[in-house]
Structures are given as structure tokens and as C-alpha cells.
Amino acid sequence: MAMVNLLLVDDDEVDVQGLKRAFAKSRIGNPITVARDGIEALEFLRGENGRQKLAKPHLILLDLNMPRMNGLEFLEAIRADKDLKNSVVFMITTSKAEEDKAPAYEQHVAGYIVKQDPANTFMQAVALLEHYWKIVEFPE
């Protein structure tokens with residue numbers, strides 16, 4: 001099984017570090033690439049603007065509220081891109097609002113995770129993701 005590359009799309013440095021700590025604590029050594037917004041994330045996925053293209057298989061952890069291009073706009077962009085439309089995306093956000101959840105699922109997110117107690121949520125999310133990529137076959 002190929003190593004799953006993680007793309008974390010989040011502009012909150014505290015959350016980025018929290019997720020990285022959760023992966024380290026769980027002894028998960030998968031490569032993590034961090035993008036601060038949807039535009040930067042697209043550059044990594046497409047290998048544009050001098051960025052190293054993220055190898056497949058990859059899994060995207062996506063925040064909702066970010067500058068320049070938010071999570072829902074990013075989802076629309078990758079679903080419209082023939083090379084990226086099959087990307088596996090988990091939304092990780094503080095929003096419990098139905099008006100955020102519904103459009104995320106309409107754009108085929110694999111899951112919508114609410115950051116309630118960030119330390120616990122990150123550990124639970126990391127455990128879920130580790131099980132997920134061990135049993136799920138990723139598109140090429």
C-alpha cells in the first residue's frame with residue numbers, strides 16, 4: 001500500500017500545530033503538507049507556482065473559514081477539476097451550522113468533523129483517519 005500524503009488546508013497555526021502533535025503522538029509518520037488557504041492548496045495539488053506537486057494517494061483535511069479561498073470554494077474548484085475531482089476530503093471546522101455542513105456533503109466530503117475540544121477532536125480525528133486509509137482503497 002502506498003503512503004498516503006496529507007494536505008492540511010488551515011490558516012490557524014494553533015490548529016495546524018495541534019493536528020501535527022496528534023499525528024506525532026499517534027506515531028503516524030505520513031507526510032503532511034500545510035496550505036494556508038484554498039489557493040495555496042490548489043497550487044500544491046497541481047504543482048503550480050513553484051510548488052512541488054503532492055503525490056497521490058493523498059487525503060485532504062480542510063478548514064471551512066480561510067482568507068482568499070474558503071473551504072467550500074476550494075471544494076467547488078477541485079470537484080470541477082478532472083484531475084482532482086476524486087480527491088478524498090475531510091472537512092475539519094468549528095462550524096456546526098447546517099448551512100455549512102449541507103454544501104460540504106453536496107461536494108462529496110468523506111466526513112465533516114467539528115472541532116469542539118480541539119485536543120480531543122484532533123486525537124479522535126487522527127485515529128479515524130489512520131483506520132480509514134488502512135482499509136479504504138484510494139483512487140489513482
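Everything numeric in this text was worked out from a predicted model, so none of it was measured. (Residues numbered from 1 in each chain as written. Predicted model: local features only at pLDDT ≥ 70, side-chain atom pairs only at ≥ 80, totals over all residues. Heavy atoms only, no water.)

**Section: unusual backbone geometry**
And step 1. The peptide bond linking lysine 56 to proline 57 adopts the cis configuration, its omega dihedral lying at 0°.
And step 2. In this structure, proline 57 sits in the loop between α2 (38-46) and β3 (58-62).
And step 3. Positive phi, normally seen in glycine, also occurs at asparagine 49, with a value near 55°.
And step 4. As for its position among the elements, asparagine 49 is in the loop between α2 and β3.
And step 5. Asparagine 49 gets classed as exposed once you look at its relative accessible area, which sits at 64%. (Helix = DSSP H or I, 4+ residues; strand = E, 2+ residues; numbered from the N terminus. Buried < 20%, exposed > 50% of the residue type's maximum accessible area, 1.4 Å probe, protein only.)

**Focus on the side chain of threonine 33**
And step 1. Looking at the secondary structure, you find threonine 33 in strand β2 (residues 32-35).
And step 2. For threonine 33, the residues in contact, after removing those within four places along its chain, are Leu6, Leu7, Leu8, Phe44 and Leu54. (Contact = heavy atoms within 4.5 Å.)

**Quick notes on the packing of aromatic side chains**
And step 1. Tallied over the entire structure, the rule returns one aromatic pair.
And step 2. When the centroid spacing of 6.4 Å and the interplanar angle of 35° are considered together, the rings of tyrosine 105 and tyrosine 112 count as tilted.
And step 3. According to the relative accessible area criterion, tyrosine 112 is buried, its value standing at 11%. (Phe/Tyr/Trp six-rings, centres within 6.5 Å; stacked < 30°, edge-to-face > 60°.)

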